[in-house]
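Spelled out, the chains give:
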Amino acid sequence: FGSRRGRAFCESPGLLLVESGAMAPKSQAKQNEPRCDFPIDQAIVVGGGLAGMTAANTVLENGAKVLVLDKSSFCGGNSSKATSGINGSCTQTQKDKGIDDTNELFLSDTLKGGAKKPEIAKVLVWESGPAVDWLMQTFNLDLSLVARLGGHSAPRTHRGKERFPGMTITYALIQMVERVQENTGGGMARIVNKAKVVDLITNNGAVIGCKYEKGTDVIQAFGPVILATGGFGADFTADSLLAKYRPDLMHLPTSNGEHCTGDGIKMGEEVGAASLDLEWVQVHPTGLVKVGDEEAKVKFLAAEALRGVGGLLIDAQGNRFANELGRRDYVTGEMWKNKAPFRLCLNKAASEEIHWHCEHYKGRGVMKFYESGEALAKEMGIPVQKLIDVHNVHHEASLKQAKDPENGPFPAYPNGKSWDEPSGKTGVGKKFFHNVIPGSQVAKEPFNVAIVTPVIHYCMGGLEISTKSEVLNKKGVVIPGLYAAGEVAGGVHGNNRLGGSSLLDCVSFGRVAGRECAAYYMGKDVTPTELATLAGPAVGSKPAAAAEPAKASAAAATSPSGGAGGYTLAEVAKHVTKGDCWVVLHGKVLNVTNFLADHPGGELAILTFAGKDASVEFDMIHPPDVVSKYAPDAVIGDLVSGGEDAVAASAPAVKEPPAGICTKFLLLIVIMWVVCAYVLFLREQQGEINHTNAFDTA
C-alpha cells in the first residue's frame, strides 16, 4: 500500500495498472472483470445502516473522504426499524430530568445483562452519553423522552415524541451524508446502493480495499474498510451461519430484514479475522402476531418500551408468568414454559405514555383496542375475575415494593428483593413498577393489547474487535485497515443484549471506528470539520445521484376514472396483491408494486395498506420528503372523489355505528312506537280490534 495516502494499483490480470487519482475507463475492462475505482484517499464503509452512517459522518468530521457501499436499494438496514430507543448514561436529557445515572451503574447493568468483555463494554458505556448528545446537537434530533427497559437500573433509553427512534436517527444521518455528497459533488462523500461487496482486498496482511458488484460490473475500491453489515438473523439457507451455529432456531420467525445474511462476518473470516459468540443469537419475546397471518416468517417487533411503560405479559389463561422487565432471554424462556397465545396488555395510562407506538401498531393491525377489561376477558374466554385478581396481585406488590424495597421474599433483578410473586417464583423478581392499576379498575379499564411470540432478533456474535474497533485475527493481533461496528462486531454484548443497546452499539462503535479509521490513513492530516460546513444549507428533496433509488412502476390503469382524471378510492381498492399493489398518500395514488422488494421495512409493511389510504400510518414513520426523494415515479395520479360507498360496503362492519346514526335509529323506533300506540287507541275507540291482540301484532 506504500504510504497511507499514496499509490495503489489494481493488480487484476489483463487490466491496466492505475495510479491514485485516475480511473480506468470501463471500455478497457471486459464485462464482469474487475475495474478500478479510485481515488484511494478515502475510508470505505460497507453497510448503510446506523453503524455505517455513524462511521461515515465521523470520518467526514475528521476531514477525511468516505465511500459508503450498501447492497440494498436504500440505506437504513435494521437500524431504521428499531422501536425502543437508544441508551445513554450521563446525558444532557437525563440531567435535565433529574435522573440519577452513572457510567459505572450502566456498565454494571451491561455486565449483568450478559456482556463478558469488560474492556469492550466500557467503551460502549463511556461513549454512550457523548453519543446521545452528539445526535441531539449535531443532527438536531429530539431524544427528550427517557424510559427504563428490562435489565436497567435507571431510566436511560432515549427516544423522541414522534416516529420510531431507529428511523428518526438513521434517516437524519443518511441525509447528512447525502447532503455532503450533493454539496461537494461527490468529492468528500459518495453513497452507492445496490453495491454488493464480495471480497476484501489485502496486501501483506493489511486490508487495502474491497471488491463489489454493481449491476454487471465488478469494481475494486481502495482504502481502509469499516464493516457495518449487520448480523445473520434472516439467513435460513442450509449453509447459513444460523444453520451452522443455531439450527434449533431455524423454525422461528424473525424481525430482521432479508439483507441480514452475515456477509461481513464471512468476508472477515476469509482474510483471517477471528469471530466469537456466534452461537449467541437473541430471541426477542415480543414479535407481533397479526391475526390471520400467524405463520408469517417476518414479523414486526413490539418495542420493549411497551413493557417499560407498564405493559403486562399474560398467557392464554390470563396469568402473569414473568418479570416483564427481565432480560430478553429470560422472558422468552418463561414464555416457552407457559401456554400461548401470549398477550401484551397496556392499560389506559401506559397506552397514553406511549400513545404514538400504540396508534402505529393498531394501524398495522397487530394491536387491538378493548373498551374494557370485560371485553378483553370475553375474547380470551376467561372470567374477568381472573384479570382482576392478576392486577390486584401486581398492584399490591408495587405498594409493598415502594414501602419496603429491601425485604421482599423473592430475589429481584438486577439485584435486591422483590414482593412480586409471579415473577419472584422464577428467581427474577420484579422491582420496578410503572402505571400500575388496582384490580377494582380492570373491568371498566380500556386496554390496548397485542398477541406476541418469540422471534429471532439480534446476533451477539461477530468479528472480534479491539477497544478501537479494529478487527483482530485469530492470534489477537490487529488486522491493519479493517474495522467493524454494529451487529457485525462480536463480544460487545456477550450472551445477551440489553434493550436500547443496539442503536447505542451502532453509534458508540461507529464513532470509534470512524475516528480510528480516519487517523489510520490521514495521520497528522486529520482536521476536525463541522458537518454543517461540508453539507451546506439544507436544500430541497433531491437525493444524492449515487444512491440510485429503485423506481416504482408507473403503469397507468385502464379504468376510465384513472389517468389524467385521477383515481377513485374504489379503483385503488382493486390493487391489493403483491403483484399489483397501490396505496394512497396525501391525496396521491402510488403504484408501489415494483418497489415492494426494495422497501427497507419489508414488503409486509406496505402490503398491510394495499388498496387503502395509508397517510396517517406513513406519517408516523417517514419524514415528509421520502416519496419525492426515493420513489417519485411511484405517483401515478391524484385521488378523486367517488366510489367511497363501494369501498365502505366491502370493508368489515364495525361493532358500533357512529353516535349520530344510533340517535337517528332510536328516534325512528320511538316514532314508530308512538304511531302504533295511537293507531291502537283509535281502533279501540271504534271497537274494531281487541287491545291486547293489536299490541302483540304491532
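One can find the structure itself at the top, above this paragraph.
Small disclaimer: the values here were computed from a predicted structure and weren't measured.

Reading the values: rules and limits
- Residues numbered from 1 in each chain as written.
- Predicted model: local features only at pLDDT ≥ 70, side-chain atom pairs only at ≥ 80, totals over all residues.
- Heavy atoms only, no water.
- Pairing = 2+ DSSP bridges.
- Helix = DSSP H or I, 4+ residues; strand = E, 2+ residues; numbered from the N terminus.
- Axes fitted to C-alpha atoms, helices over the stretch in contact; angles between N-to-C directions.
- Parallel < 35°, antiparallel > 145°, perpendicular 65-115°, else oblique.
- Contact = heavy atoms within 4.5 Å.
- Nonpolar A, V, L, I, M, F, W, Y, C, P; charged D, E, K, R; others polar.
- Salt bridge = Lys/Arg side-chain N within 4 Å of Asp/Glu carboxyl O.
- Buried < 20%, exposed > 50% of the residue type's maximum accessible area, 1.4 Å probe, protein only.
- Phe/Tyr/Trp six-rings, centres within 6.5 Å; stacked < 30°, edge-to-face > 60°.
- Lys NZ or Arg CZ within 6 Å of the ring centre and 35° of its normal.

Peer 1: Hey, could you run me through the pairing of strand β27 (residues 588–591) in this one?
Peer 2: Side-chain direction in a regular strand flips from residue to residue, so the side chains alternate between the two faces of the sheet. Bridge count for strand β26 (residues 580–585) against β27 is four bridges, and the pairing is antiparallel. By the bridge assignment for β27, V584 is matched with V589. In this structure, the hairpin formed by β26 and β27 is closed by a connection of two residues, where H586 is found at a positive phi of approximately 50°. With three bridges joining them, β27 and strand β28 (residues 635–640) adopt antiparallel strand pairing. For K588, the partnering residue across the bridge sits in β28 and is D638.

Peer 1: So what exactly am I meant to see when it comes to the packing of helix α5 (residues 128–138) against helix α16 (residues 501–522) here?
Peer 2: When two helices pack together, their arrangement is given by the angle between the helix axes and the distance between those axes. Running from amino to carboxyl end, α5 crosses α16 at an angle of 95°, the nearest separation of the two axes being 9 Å. On the basis of their axis angle, the class for α5 and α16 is roughly perpendicular. Contacts between α5 and α16 pair S128, P130, A131, W134 and L135 from the former with L504, V507, S508 and R511 from the latter.

Peer 1: What exactly am I supposed to notice about the packing of helix α4 (residues 118–126) against α16 here?
Peer 2: Following both chains from N to C, one finds α4 and α16 inclined at 95°, their axes separated by 9 Å at the closest point. Here α4 lies roughly perpendicular to α16, going by the angle between them. Contact residues: I120, V123 and L124 in α4; L504, D505, S508, F509 and V512 in α16. Within the contact of α4 with α16, the residues separate by chemical class into six nonpolar, one polar and one charged.

Peer 1: Sorry, what's going on with the sheet that holds β27 here?
Peer 2: Pairing between the strands of a sheet comes from backbone hydrogen bonds, and it takes one of two forms, parallel or antiparallel. Spatially, five strands are ordered β24-β28-β27-β26-β25 in an open sheet, and the strand pairing comes out mixed. In this open sheet, the two edge strands, each paired with only one partner strand, are β24 (567–568) and β25 (576–577). Here β24 runs beside β28; their pairing, made up of two bridges, is parallel. Bridged to Y567 within β28 is L639.

Peer 1: Whenever I open this one, the pattern of salt bridges confuses me. Can you help?
Peer 2: When the charged atoms of two side chains with opposite charge come close together, those side chains can pair. Tallied over the full model, the rule gives 24 salt bridges. Its salt-bridge partner being D248, residue R246 comes within 2.8 Å of it at the nearest N-O pair. Residue R246 is classed as buried on the basis of its relative accessible area, which comes to 18%. Residue E334 pairs with K337 through a salt bridge whose shortest N-O separation is 3.0 Å. Of this pair, E334 and K337 are both found in helix α10 (residues 328–337), three residues apart, which corresponds to roughly one turn of the helix. With relative accessibility at 9%, the residue E334 sits in the buried group. Classification of K337 as exposed rests on a relative accessible area of 63%. Salt bridges linked by common partners bring R320, E324, D420 and K430 together as one network.

Peer 1: Just checking my understanding: could you explain the packing of aromatic side chains for this structure?
Peer 2: How two aromatic rings sit relative to each other is set out by the distance from centre to centre and by the angle between their planes. Enumeration according to the criterion identifies nine aromatic pairs in this entry. Between F74 and Y630, the aromatic rings sit 5.4 Å apart at their centres with planes inclined by 85°, giving edge-to-face as the arrangement. Placement of the pair is F74 in the loop between β3 (66–70) and β4 (86–87) and Y630 in helix α21 (residues 626–630), with a sequence separation of 556 residues. Y630 shares its class with F74; the two are buried. Between F164 and Y361 the ring centres are 6.0 Å apart and the planes differ by 35°, which places this aromatic pair in the tilted class. With F164 in the loop between β6 (157–159) and α6 (165–184) and Y361 in helix α12 (residues 355–363), this pair connects stretches of sequence that are 197 residues apart. Judged by its relative accessible area of 6%, F164 is buried. Among the aromatic residues, ring-to-ring pairing joins F74, Y171, F595 and Y630 into one connected group. Taking NZ or CZ as reference, R148 lies 3.8 Å from the ring centre of F432, over its face.

Peer 1: Explain the sheet that holds strand β2 (residues 43–46) here, please?
Peer 2: A sheet is described by the order of its strands in space; here six strands give the open sequence β7-β3-β2-β11-β22-β21, paired in mixed fashion. Of all strands in the sheet, those bounded by a partner on one side alone are β7 (189–193) and β21 (470–472). Neighbour-to-neighbour, the strand axes of this sheet turn through a mean angle of 30°, independent of strand direction. In terms of strand pairing, strand β11 (residues 225–227) meets strand β22 (residues 478–484) through three bridges, oriented parallel. When the sheet's bridge partners are listed, L227 is paired in β22 with A484. This element, helix α1 (residues 50–61), spans β2, β3, β7 and β11 of the sheet and lies at about 170° to β3. On the sheet, α16 packs against β2, β11 and β22 and is oriented at approximately 140° with respect to β22.

The quantities given are spatial measurements derived from coordinates; they are silent on function.
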